[in-house]
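Next come the chains, spelled out residue by residue.
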Amino acid sequence: MTSEPSGLFDLAVIGLGAVGSACLYQALRRGARVIGIDRFDPPHDKGSSHGDTRITRQAIGEGDEYVPLALRSHAIWDELAAATGERLIDRCGFLLIVRGDAENLHHGKLGFHARTVAAARRFNIAHELIDPAEIMYRFPLFHGLKGDEEGYFEPGGGQVFPERCIAVQLGEARRLGADVRTGCEVLSVEPDGSGVAIRTSGGIVRAAKAVVAGGAWMPRLAPSLASRLKIYRQTLHWFPLADPEHAQAAPTWIWNREASPSGQFYGFPSLPGSGEIKCAGEQYDQTCDPDGVRRQVDASESADMFNQHVRGRLRGVGSLATRAAACCYTVAPGSDFIVEHHPESDAVTLVSACSGHGFKHSAGLGEALASQALDNIAHPMLASFDAT
Ligand SMILES: Cc1cc2nc3c(=O)[nH]c(=O)nc-3n(C[C@H](O)[C@H](O)[C@H](O)COP(=O)(O)OP(=O)(O)OC[C@H]3O[C@@H](n4cnc5c(N)ncnc54)[C@H](O)[C@@H]3O)c2cc1C
């Protein structure tokens, strides 16, 4: 194996998906000598960051510690969009509909609606509490509410476009001089006295610091996290629209109608010209291996999605899916994030920031990770995610 000269890079970023591409870009903005390595060629459809859209929110029911990350991410995407002309975030609004909030577990937290409202009040985030009649009046896409739901509408929430965010951050990082190596698998990350030795399929890379953001492959890249991470196959489904008008004017939504994952689904407004609408549920029954995960989605899985969730709740949506995709959640205890140092060295930061809700935080998280690694100072936005 060949070896780069010792100390060539200030920082190596391993995994260039949502978190890694953000960290790489931010490190380049700080003028560091940086290398980014990915086994595939991001954005790609083998990890956790594909499928056109992700919901973004500002008041985060998963915990107050996430709010600054989401707000900072929105600001970064606005800056990047202005600089590149790419549309990265769409503030079409976000709607949360919940029945039986106190018993309803969402992303590891009971009382998700109450927690979201409390966060909105604490951080002064514009929102409205809206009742079922008003939800159906203002957003005709939705019908079939029972009348006892609680609604929360956030006009500054909406959707982000994950593939575009990753492509733009990697493009900007390259433009600023990053050494980006795709199709290069990292085999091990080994801290030593003078930094980090990264063994890859293309030779050994040396850097003073490393950030490891391997998504669903983190259990393999960072054995110290393996017992705490579970990987779950999730599916996304696109359905045709009989009536695109209602679906284009809709916000993104999470609809928790029963206190179980199978009683919850979420979705997105129709993208202009697409003639389809994307919906998804969550499952936490069966874990998977990211290399062996079944990427094909059966027609019966889309039919189940339609029959369990869409039928009788979304107006003007056809029952036969036009397409579907499988994607991996990497879930940490409490559905939280893990950001901690390698057990043998502070030179390596290990990041697992998914649990089904990580994309909206990725740009801010990448900035904080780059800053912490290059400045050697603990970043306040990361403190809550270190359990060591
Ligand atoms: C179906 C689905 C729906 C979701 N919905 C939302 C949502 O609405 N809102 C939200 O905020 N979040 C959502 N999420 C979560 C969010 O998408 C993830 O948190 C985020 O994309 C994870 O980013 P990541 O950088 O950790 O992983 P990824 O983007 O998957 O990146 C990991 C990268 O590491 C690389 N890699 C792995 N191993 C190696 C190796 N050995 N060598 C080199 N490279 C390696 C991979 O190739 C990959 O490119 C959803 C996730 C899924 C799957």
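The written sequence of each chain sets the order in which its residues are numbered from 1. With pLDDT at 70 or above as the cut-off, local features in this predicted model cover only qualifying residues; side-chain atom pairs require 80 or more to be listed or tallied, and sums for whole chains, interfaces and linings still use all residues. With hydrogens and water set aside, each side-chain value is computed from the structure's full complement of heavy atoms.

1. So, the domain arrangement of the protein chain
Move 1: Entries for the protein chain in the domain assignment read domain 1 (9-49 + 162-228 + 335-385) and domain 2 (94-155 + 230-331).
Move 2: Once you take the C-alpha centre of each, domain 1 and domain 2 turn out to be 30 Å apart.
Move 3: On the side of domain 2, 14 residues touch domain 1, which itself brings 19 residues to the contact.
Move 4: Between domain 1 and domain 2, a total of about 1,300 Å² is buried, with carbon and sulfur atoms accounting for 46% of that surface.
Move 5: The buried area of a pairing is the accessible area, by a 1.4 Å probe, that goes missing from both parts when the two are put together, added over both. Contact with domain 2 buries area across many residues of domain 1, yet Ala-216, Ser-335 and Ser-355 alone supply 30% of it, more than any other trio. For every domain, the bounds stem from an assignment made automatically or drawn from a database. Here, residues are in contact when the closest pair of their heavy atoms is within 4.5 Å.

2. What to know about the site of the ligand
Move 1: Here a residue is near a molecule or strand as soon as one of its heavy atoms is found within 4 Å of it. Looking at the ligand, there are 36 residues lining it, with Asp-38, His-44, Ser-49, Ile-55 and Cys-327 nearest.
Move 2: The definition of a polar contact used here is a pair of N or O atoms within 3.5 Å, where within protein one atom must be able to donate a hydrogen and the other to accept one, and adjacent residues in sequence count solely through side-chain atom pairs. Here Ser-48 contributes a backbone N or O atom positioned 2.9 Å from an oxygen atom of the ligand.
Move 3: Contacts to the ligand include Ser-49, whose side-chain N or O atom sits 2.5 Å from an oxygen atom.
Move 4: Only the protein chains shown count as cover for residues, and all accessible areas are computed by the Shrake-Rupley method using a 1.4 Å probe. Contact with the protein chains covers 97% of the free accessible surface of the ligand, which is 1,000 Å².
Move 5: When contributions to the shell around the ligand are tallied by element, the ones reaching two or more residues are helix 1 (18-29), strand 3 (54-56) and strand 19 (323-331).
Move 6: We count a stretch as a helix when DSSP gives it H or I for four or more residues in a row; a strand needs E for two or more, and each element gets its number in order from the N terminus. Residue contributions to the shell around the ligand peak at 3 residues, all from strand 19.
Move 7: Residues were grouped as follows: Ala, Val, Leu, Ile, Met, Phe, Trp, Tyr, Cys and Pro as nonpolar; Asp, Glu, Lys and Arg as charged; and all remaining residues, including Gly, as polar. Taken together, the residues of the shell around the ligand sort by class into 20 nonpolar, 11 polar and 5 charged.
Move 8: Composition of the shell around the ligand by domain shows at least three residues from each of domain 1 (9-49 + 162-228 + 335-385) and domain 2 (94-155 + 230-331).

3. A few points about the nonpolar core
Move 1: Take the buried residues of types Ala, Val, Leu, Ile, Met, Phe, Trp, Tyr and Cys, join any two whose side-chain atoms come within 4.5 Å, and each joined set is a nonpolar core. When accessible area is computed with a 1.4 Å probe and restricted to protein chains, residues below 20% of their type maximum are described as buried, those above 50% as exposed, and intermediate ones as partly exposed. Counting residues in hydrophobic clusters, the biggest one holds 67 residues, and the most contacted among them are Leu-24, Leu-365 and Leu-369.
Move 2: Contact partners of Leu-369, with chain neighbours within four places excluded, come to Val-19, Cys-23, Val-211, Val-339, Thr-349, Val-351 and Leu-382.
Move 3: With 24 residues, the next largest nonpolar core counts Ile-14, Val-186, Leu-229 and Leu-350 among its residues.

4. Regarding empty space enclosed by the protein
Move 1: Grid spacing is 1 Å over the protein atoms alone, the probe is 1.4 Å, and a cavity is where that probe fits but cannot get out, while a pocket is an open set with protein on both sides within 12 Å along at least five of seven lines and lining residues have an atom within 4 Å of a point. Grid points are joined across faces, edges and corners, and a volume is the space filled by probe spheres set on the points. With the rule as written, the count across this model stands at 1 cavity of 30 Å³ or more.
Move 2: In this structure, the largest cavity occupies an estimated 50 Å³ of space.
Move 3: What lines the largest cavity is His-106, Ile-254, Asn-256, Pro-261, Gln-264, Phe-265, Tyr-266, Gly-281 and Glu-282.
Move 4: Secondary-structure elements contributing two or more residues to the lining of the largest cavity are strand 16 (252-256) and strand 17 (264-267).
Move 5: Counting residues per element, the lining of the largest cavity draws most heavily on strand 17, which supplies 3 residues.
Move 6: Here the lining of the largest cavity is composed, by residue class, of 4 nonpolar, 4 polar and 1 charged.

5. Remarks on the pattern of salt bridges
Move 1: Here a salt bridge means any side-chain nitrogen of Lys or Arg lying within 4 Å of a carboxyl oxygen belonging to Asp or Glu. Inspection of the entire model under this criterion finds 27 salt bridges.
Move 2: For Glu-79, the salt bridge is made with Arg-72, and the minimal N-O distance between the two is 3.8 Å.
Move 3: Accessibility expressed as a relative area gives 36% for Glu-79, which makes it partly exposed.
Move 4: Residues Arg-138 and Glu-128 are paired through a salt bridge, measuring 2.7 Å at the closest nitrogen-oxygen approach. Residue Arg-138 is found in helix 4 (residues 132-138), and its partner Glu-128 is found in strand 8 (residues 128-130); the two are separated by 10 residues along the sequence.
Move 5: Look at Arg-138 and you get partly exposed, because its relative accessible area is 29%.
Move 6: A relative accessible area of 30% means that Glu-128 is categorised as partly exposed.

6. Section: the pairing of strand 1 (residues 9-14)
Move 1: Taking burial as the measure, the 6 residues of strand 1 include 5 buried ones, the bulk of the element.
Move 2: Two strands form a pair only when DSSP identifies at least two bridges running between them. Bridge count for strand 1 against strand 14 (residues 203-212) is 5 bridges, and the pairing is parallel. Following the sheet pairing, Phe-9 is matched in strand 14 by Ala-207.
Move 3: For crossovers, right-handed means that the path from the first strand over the helix to the second runs clockwise, given strands pointing away from the viewer. For the crossover that starts at strand 1, traverses helix 1 and ends in the parallel strand 2 (residues 34-37), the hand is right-handed.

7. Here we look at the layout of surface pockets
Move 1: Size it by volume and the second largest pocket reaches roughly 560 Å³.
Move 2: Around the second largest pocket, the lining comprises 21 residues; the ones closest to its centre are Arg-233, Thr-235, Glu-282, Gln-283 and Glu-301.
Move 3: Listed by contribution, the elements that provide at least two residues to the lining of the second largest pocket are strand 15 (230-240) and helix 8 (299-310).
Move 4: When the residues that make up the lining of the second largest pocket are grouped by side-chain class, the tally is 4 nonpolar, 11 polar and 6 charged.

8. Some points on the packing of helix 1 against helix 9 (residues 362-375)
The relative placement of two packed helices is expressed as an angle between their axes plus a distance between the axes.
Move 1: Lines fitted to the C-alpha atoms define the axes, with helices restricted to the stretch that makes contact. Angles between their N-to-C directions range from 0 to 180 degrees. The interhelical angle for the contact between helix 1 and helix 9, taken along N-to-C directions, is 50°, at an axis separation of 7 Å. Put simply, helix 1 runs oblique to helix 9. Note that helix 1 runs across helix 9; the crossing there is right-handed. On helix 9, the residues that touch Ala-18, Val-19, Ala-22, Cys-23, Gln-26 and Ala-27 of helix 1 are Ser-362, Ala-363, Leu-365, Gly-366, Glu-367, Leu-369, Ala-370 and Leu-374. Under this scheme an angle from 65 to 115 degrees is roughly perpendicular, one under 35 degrees roughly parallel, and one over 145 degrees roughly antiparallel; angles in between are oblique. The crossing is said to be left-handed when, going from far helix to near helix, the turn is anticlockwise and less than a right angle, and right-handed when the turn is clockwise.

9. A closer look at helix 9
Move 1: Expected helix span is given by 1.5 Å per residue-to-residue step, counting one fewer step than there are residues. Compared with an ideal rise of 1.5 Å per residue, which puts 14 residues at 20 Å, helix 9 spans 20 Å between its outermost C-alpha atoms and is within 8% of the ideal.
Move 2: In terms of burial, helix 9 is a largely internal element, 12 of the 14 residues being buried.
Move 3: For helix 9, the full list of buried residues reads Ser-362, Ala-363, Gly-364, Leu-365, Gly-366, Glu-367, Ala-368, Leu-369, Ala-370, Ser-371, Gln-372 and Ala-373.

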